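If you want the building blocks of each chain, they are given just below.
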Amino acid sequence: METIRIPRVLQDAARTHRRQGKSVGLVPTMGALHEGHMSLVRMARRENDITVASIYVNPKQFGPSEDLSKYPRDLEADLAKLEKEDINIVFLPDDSLMYPAGFSTRVEVEALSDRLCGAFRPRHFSGVATVVTKLFNIVSPLRAYFGQKDFQQAVIIKRIVKDLDMGIDVAVCPTIREPDGLAMSSRNRYLSEEERAAATIIYRCLSEAAGAVKSGIIQVDTLKKVMREKLMTEPLVSKVDYCSAYDPERLEELEQIKGEALLAIALTIGATRLIDNLLVSVPSST
Ligand code: AMP
């Protein structure tokens, strides 16, 4: 596994691989790697000749009051995990190389970036869109891998690829969960033992709502009531940003579920903001 820190060096290496007719797969991450990340890495490894993983805590996607400075970093363990999967390249840029003096471009995806998490994290998705566009331009991968856990992020990235004719195949891989259902996240490291136990409420709530949909409850007001009541049973939930059903492409809140819907929650436990989602569907004849 080769470690590359300089964008231009990675650009040249990826170009050489492509010229040799090799397919290149990219897995962008912010590190503190867990099994969710590793599932993307393994998928990329299976589907491509060359796998590139990036580890970069992108300052542009953190708000001024967010956790940039304390975001978990564990480079040594991350490199060991990637080495074990036998990937080809790990990209470890730093801020001065990603955003040198004079950097002034931002990628904005209208409408989609203002919904769900975007309503609570202004400029977050433009930070994500900007860094992912840079990574795409540096690596020019054939395929790029993202997790369903960050559903809105994946929708926005697919939109960029389509709108800007990037011709990259964006794979959205299933959410990997702890045995008790909690979606794996680097931010789970912030949770105290008590908070960690409380955090299972998110998946329990999504599962209950998915069960309600299956049993024929398709009015979103009713589902929201079911979900809110469930969340209220957990005293360590200090704030609920959103908790409802959304159109999985447009990310608008639904009134009634017809076809596919995204059940999604963002809430705070202690000082930690967590998100999760489940896709549900009802036969369109219902
Ligand atoms: P992050 O390091 O949090 O920016 O995540 C890097 C990539 O891993 C993103 O595409 C995430 O959606 C994905 N990811 C994070 N957690 C999970 C998970 N539990 N299961 C699957 N993918 C995940």
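Further up the page is the structure itself.
Everything numeric here is computed off the predicted structure, so don't read it as measured data.

Conventions adopted
- Residues numbered from 1 in each chain as written.
- Predicted model: local features only at pLDDT ≥ 70, side-chain atom pairs only at ≥ 80, totals over all residues.
- Heavy atoms only, no water.
- 1 Å grid on protein atoms, 1.4 Å probe; cavity = no way out; pocket = protein on both sides within 12 Å on 5 of 7 lines; lining within 4 Å.
- Points joined across faces, edges and corners; volume = space filled by probe spheres on them.
- Helix = DSSP H or I, 4+ residues; strand = E, 2+ residues; numbered from the N terminus.
- Nonpolar A, V, L, I, M, F, W, Y, C, P; charged D, E, K, R; others polar.
- Domains from an automatic or database assignment.
- Salt bridge = Lys/Arg side-chain N within 4 Å of Asp/Glu carboxyl O.
- Buried < 20%, exposed > 50% of the residue type's maximum accessible area, 1.4 Å probe, protein only.

S.K.: Give me the layout of surface pockets: which residues, what numbers.
M.R.: Looking at the second largest pocket, its volume works out to about 370 Å³. Along its surface, the second largest pocket is lined by 14 residues, and V155, K158, P248, E249 and R250 are the ones closest to its centre. Ranked by residue count, the leading element in the lining of the second largest pocket is helix 7 (residues 151-163), at 6 residues. Residue composition of the lining of the second largest pocket, by class: 6 nonpolar, no polar and 8 charged. Two domains each donate at least three residues to the lining of the second largest pocket, and these are domain 1 (2-173) and domain 2 (186-281).

S.K.: Go over empty space enclosed by the protein, please, and point to the residues and values.
M.R.: The full count for this structure, using the stated rule, is 1 cavity of 30 Å³ or more. Space inside the largest cavity adds up to approximately 40 Å³. Lining the largest cavity, in full, are K149, L182, A183, S185, N188, I202, L274, I275 and D276. Of all the elements, strand 9 (residues 272-282) adds the most residues to the lining of the largest cavity, at 3 residues. By residue class, the composition of the lining of the largest cavity is 5 nonpolar, 2 polar and 2 charged.

S.K.: Residue-level account of the pattern of salt bridges, with values.
M.R.: Tallied over the full model, the rule gives 18 salt bridges. D241 is the partner of R273 in a salt bridge, and the nearest nitrogen-oxygen pair spans 2.8 Å. Of the two residues, R273 is situated in strand 9 and D241 in strand 7 (residues 237-246); the sequence distance between them amounts to 32 residues. Look at D241 and you get buried, because its relative accessible area is 9%. Salt bridges here are not isolated pairs; linked through shared partners, they connect R8, D12 and R15.

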